[in-house]
Every structure is written in C-alpha cells, then in structure tokens.
Amino acid sequence: GRVEGKSLIEIGAGPTIYFILSACENFKQIYLTDYLEGNLQEIEKWLKGDGEAYDWSRYLKYVCAIENHRSTAEEKAEKIRRKVSLMRCDVTKSNPLEPNSLPLTDCVIVAGCLICACKNVEDYKAALKNVVSLIRPGGHLIITDYLGASYYLVGEAKFPVLSLDENIVREAVADSGCEMQEFTTFTDFVIPEDTFNCKNSFCLLACKY
C-alpha cells in the first residue's frame, strides 16, 4: 500500500512473477533479476505471450480479487508486460547487477533467495549489504523467506539452504543500514517435511537510512 515509487528490483525472482502482481500497481518500472539465465528465459516467454509459457492467469485473477477488482487480470498482465525488464544478478557481488548498473531504486524485494545463495550467516549478512546497496536512502527493503529450514527437494535432488532464526535476520537487516518497520512470521501453512523442512516463514519491511 504505502510502499511505492518509480522503480522496484526483485532479487532472485526465479522463473516466477508472484511478488510483483501487486507491486506493478505502485511502481513505474520493475526489474526482475535472477542468477540463472534459464529462469529469466521462462519469464521472458510469458512476457512475450509465448504459448508454451506458464499460465499465470489464475494467480492474476486471485490478486485482482484481493485488490477488490481495481483492474482485470488482463489489464494487470498488460501492465506487468509493459513495466518489466529482466536482468542477471549475483548477490555475492558488491554490485549484484554487475556488469550492469541502475540508478538507486525505491524498493527491493528479496523472496526465498538468500537462504539458497548463502552458506553461512556471514555470507547472508554480506549478501544483504550488497542487495541494500541498490536502494536509495529512504527506500524500502522487503524480504520474505523461511526460518529453521535446512533443505528442500526437487524430484530426487536435495538442495541445502541456510537455516535462519529471527534474531539473525533482524541483526542482518540492521547491519545492512536499514531500520525494521514490520516483521511478521507465519506458521499456518503445510509443506511436507520430506519436500521442505521449514518451520515457518516471515515477511519484513525495512527502510534504508
């Protein structure tokens, strides 16, 4: 609602557009970034209207309903296609968008990314500082991620993730130069433990000094 501006960057978007379905109403330019070129290619298929692209229509309709139908799913899809640009990122670099660069942004979203990219708490804090360097003073940081997880499975492949607790996250946000404004945890979801052993998830909003 109150978080808005000219530009927004999502770090580690994966092959998805979940987290900009509402943000597209509040920002004029949106940059979806990911480490893997294949993920960006999946988004590009949808942006170009490729018939083989994943069908996001039910998600668009759901968000439109939450927003009291301020726009139709088709209008929202067109708005996203008009506003989104794609870019590679690497959170281990001081400029995660290297070799590209952008003017300091009004907001960065990081969703389910850093626990996959970081091996330990020191890596996590360093990566978050790198991400926050993209935000203008007074701009916002939004993170949603998981607490207490150590792995997830895709088919037979098991991927390790960094196990976080709330204190680690709060400390990392403060160290990155941001003031916490909201921190909410969620436990009312069910994910089979043999797929993903997370304990709960969180969402935070912080403002850069």
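For the structure, check the block above.
Quick caveat, the model's predicted, so the values are computed rather than measured.

The rules behind these values
- Residues numbered from 1 in each chain as written.
- Predicted model: local features only at pLDDT ≥ 70, side-chain atom pairs only at ≥ 80, totals over all residues.
- Heavy atoms only, no water.
- Disulfide = S-S within 2.5 Å.
- Buried < 20%, exposed > 50% of the residue type's maximum accessible area, 1.4 Å probe, protein only.
- Phe/Tyr/Trp six-rings, centres within 6.5 Å; stacked < 30°, edge-to-face > 60°.
- Helix = DSSP H or I, 4+ residues; strand = E, 2+ residues; numbered from the N terminus.

Caption draft 1: Region of interest: the state of the cysteines. Scanning all chains against the criterion turns up zero disulfides. The structure places no disulfide on Cys118, whose sulfur is separated from the nearest cysteine sulfur, that of Cys113, by 7.5 Å. You can call Cys118 buried: its relative accessible area is 6%.

Caption draft 2: Highlighting the packing of aromatic side chains. Within this structure, the stated rule accounts for ten aromatic pairs. Look at Tyr18 and Tyr59: their rings are 5.5 Å apart centre to centre, the planes differ by 80°, and that puts the pair in the edge-to-face class. Taken together, the positions of Tyr18 in the loop between strand S1 (5-11) and strand S2 (27-34) and Tyr59 in helix H2 (residues 57-66) put the pair 41 residues apart, joining distant regions of the chain. Overall, Tyr18 belongs to the partly exposed group, its relative accessible area being 39%. Summarising the aromatic geometry, the rings of Tyr54 and Trp56 are spaced 4.9 Å apart at their centres and angled 70° between planes, so their arrangement reads as edge-to-face. Of the residues examined, Trp56 reaches a relative accessible area of 4% and is grouped as buried.

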